[in-house]
Amino acid sequence: MTTAPQPPETWVVEVSADCVSSGQCIMTAPDLFILDEDGFSRPVRDRVGLDRTEDLRQAVDGCPVGAIRTARG
Amino acid sequence: MLTTRPALDDIEDALANGTVSREPHETYRALRERAPVYWSQHLEQWLVTPFDLVEQTLMQPVRFSNYGYDTLFIARLGKEATSFPTLVHHFQQRGLIISDPPEHTRLRRAVRAPFSVHSVNRLTDTIQGRVDGLLDRIGDRFDVMEDFARPLTVSVISDLLGVPEDDRGQFPTWSYDLIRFFGTPRPAIENAAVLEQALMEWRALLVRLFAARHARPRDDLLSHVAAQIDVGEVSLEEALFTCVHLMIGGHETTTSTVASTLHCLLTHPEQWAAVQESPDLLTGAIEEAIRLETPVMRARRSATEDCEIDGHQIKAGEAVVPIFASANRDPARFDRPDVFDLRRDFSARHHWAFGRGTHFCLGAPLARLESQIGLATLLRRFPDLRLANDFEPRWKPSLSIRALEELPLEVGPPRPAA
């Protein structure tokens, strides 16, 4: 008998339309955020491991418009 | 590529005779239509006016550097610049405002914590207390700029930094001296002399406060910065420059925002009635007012390499000025751009009143919160607020700052006509 694989514990990350391209998140965590072709930030991956909680917290706090949303998921 | 730089006589006249400094919008409209990337002989600067080109310039922080513009401007004083050693020295340093990544990243990280949305929201009660205290003292007639908005914003930024009450008296004057020097089309020797003195006193104050906080740290930003000087994360020069600019940015622009929002609302009675009915509409009113009367009208950049903007050849070392105040009224971006409409939808279309990109205003959340609390309280306590009968809008003469000279208001029963 096998157990079903547990879903990974992650953060779901979103950048809202409030982004003003300050680039603070990218300087804080360059592997987690990237600028799209219009120069606005988006997450590199929608889900980020809990081991990156501190980096995410800094990115959330460092955003001058509060555009980064995180939720456990 | 366009290598010629044809002069537009009417534009040069408007720049030289001060028209642009008081009433900029007509000239910027003319530039958007006739010369969207324009070399002004009078200013010795490239003026960039359309929304998309302003954006494009701001999004290239390496090619269009924040460092060098001020030095170019001061250099126009010629040999006389050597009479102002503090001024020259100060603007040759790389502080928060005149640095590029990676220095800018390091400096911004050093001071940003108390300006985050999260930190600022915790100041709500303190700001409300300051607002109530000021409004308790106003009479039947008062000037929003000097009797309400400026004392409010000076006290909030001073509290945040930890500048003691007794040391707050002079820095609004020093800020004005600095803004006036850089806000004229050409540097004026008499303004340089006044600014030299102001910078000496300002720096002396900050050096004294850093020493005091080093000896006895408190829970304020000056203590935090003093600690970072100690560990070598920032230099004393970087700290001085950065705090000067936080002190200016912390009050001059928000003072203008509060007054401009009220001015827009009181000159549009239907929208004034709407915010009285639904104070939630104030948020949109503030955004719309700073789009229409953008407090910081222009950015200051210098080209680090030969390049082009929209086909115009820019040479390395030249001053390039993207104009927020023009971008925010560009009809290619905003419908009916000269109309005040507090219901304008900004959700998909930002304005650039706080800039865009690397140097996006650090204090935007604080500016928005202070304006919101200040205006909501004013509205609630004085529903019969109105413009003084004798009021005629006059704007401060500056190429960089858009602010009313005064905004006299009356409350209470209408006065008989004089």
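Rules behind the numbers
Residues numbered from 1 in each chain as written. Chains lettered and ligands numbered in written order. Predicted model: local features only at pLDDT ≥ 70, side-chain atom pairs only at ≥ 80, totals over all residues. Heavy atoms only, no water. 1 Å grid on protein atoms, 1.4 Å probe; cavity = no way out; pocket = protein on both sides within 12 Å on 5 of 7 lines; lining within 4 Å. Points joined across faces, edges and corners; volume = space filled by probe spheres on them. Helix = DSSP H or I, 4+ residues; strand = E, 2+ residues; numbered from the N terminus. Nonpolar A, V, L, I, M, F, W, Y, C, P; charged D, E, K, R; others polar. Contact = heavy atoms within 4.5 Å. Buried area = accessible area lost by both parts, 1.4 Å probe. Salt bridge = Lys/Arg side-chain N within 4 Å of Asp/Glu carboxyl O. Polar contact = N/O pair within 3.5 Å; in protein donor to acceptor, adjacent residues only side chain to side chain.

Asker: Talk me through the layout of surface pockets; I want residue IDs and the actual numbers.
Answerer: Its boundaries defined by the atoms lining it, the largest pocket holds a volume of some 610 Å³. Lining the largest pocket are 25 residues, with Asp-18 and Val-65 of chain A together with Thr-283, Glu-287 and Arg-368 of chain B positioned closest to its centre. With 4 residues, the top contributor of residues to the lining of the largest pocket is helix α19 (residues 364-381) of chain B. Its residues assigned to classes, the lining of the largest pocket shows 14 nonpolar, 7 polar and 4 charged. There is about 370 Å³ of room inside the second largest pocket. Looking at the second largest pocket, it is lined by 15 residues, and the ones nearest its centre are Pro-114, Leu-123, Leu-160, Asp-219 and Asp-220 of chain B. Of all the elements in the fold, those that place two or more residues in the lining of the second largest pocket are α9 (124-136), α10 (144-161) and α13 (221-230) of chain B. When grouped by side-chain class, the residues that make up the lining of the second largest pocket number 7 nonpolar, 3 polar and 5 charged.

Asker: With reference to specific residues and values, describe the environment of Val-13 of chain A.
Answerer: All names here are of chain A. Within the secondary structure, Val-13 sits in strand β1 (residues 10-15). Sequence-wise, Val-13 and Glu-54 are 41 residues apart; in three dimensions their C-alpha atoms are separated by 14 Å. Excluding anything up to four places from it in sequence, Val-13 contacts Phe-33, Pro-43, Asp-46, Val-48, Leu-56, Ile-68, Arg-69 and Thr-70.

Asker: Tell me what's going on with the interface of chain B and chain A, and back it up with residues and numbers.
Answerer: Taken together, the contact pairs 19 residues of chain B with 19 residues of chain A. Summing both sides of the interface, chain B and chain A together bury roughly 1,500 Å²; the carbon and sulfur share of this comes to 54%. Our count for the contact surface shared by chain B and chain A stands at 0 salt bridges. At the boundary of chain B and chain A, one finds 7 residue pairs in polar contact (both at pLDDT 80 or more). Going through the elements one at a time, α7 (103-111), α8 (117-121) and α19 of chain B are the ones with two or more residues in the side of chain B that touches chain A. A per-element tally of the side of chain B that touches chain A places α7 of chain B first, with 4 residues. Along the lines of polarity and charge, the residues of the side of chain B that touches chain A split into 6 nonpolar, 8 polar and 5 charged.

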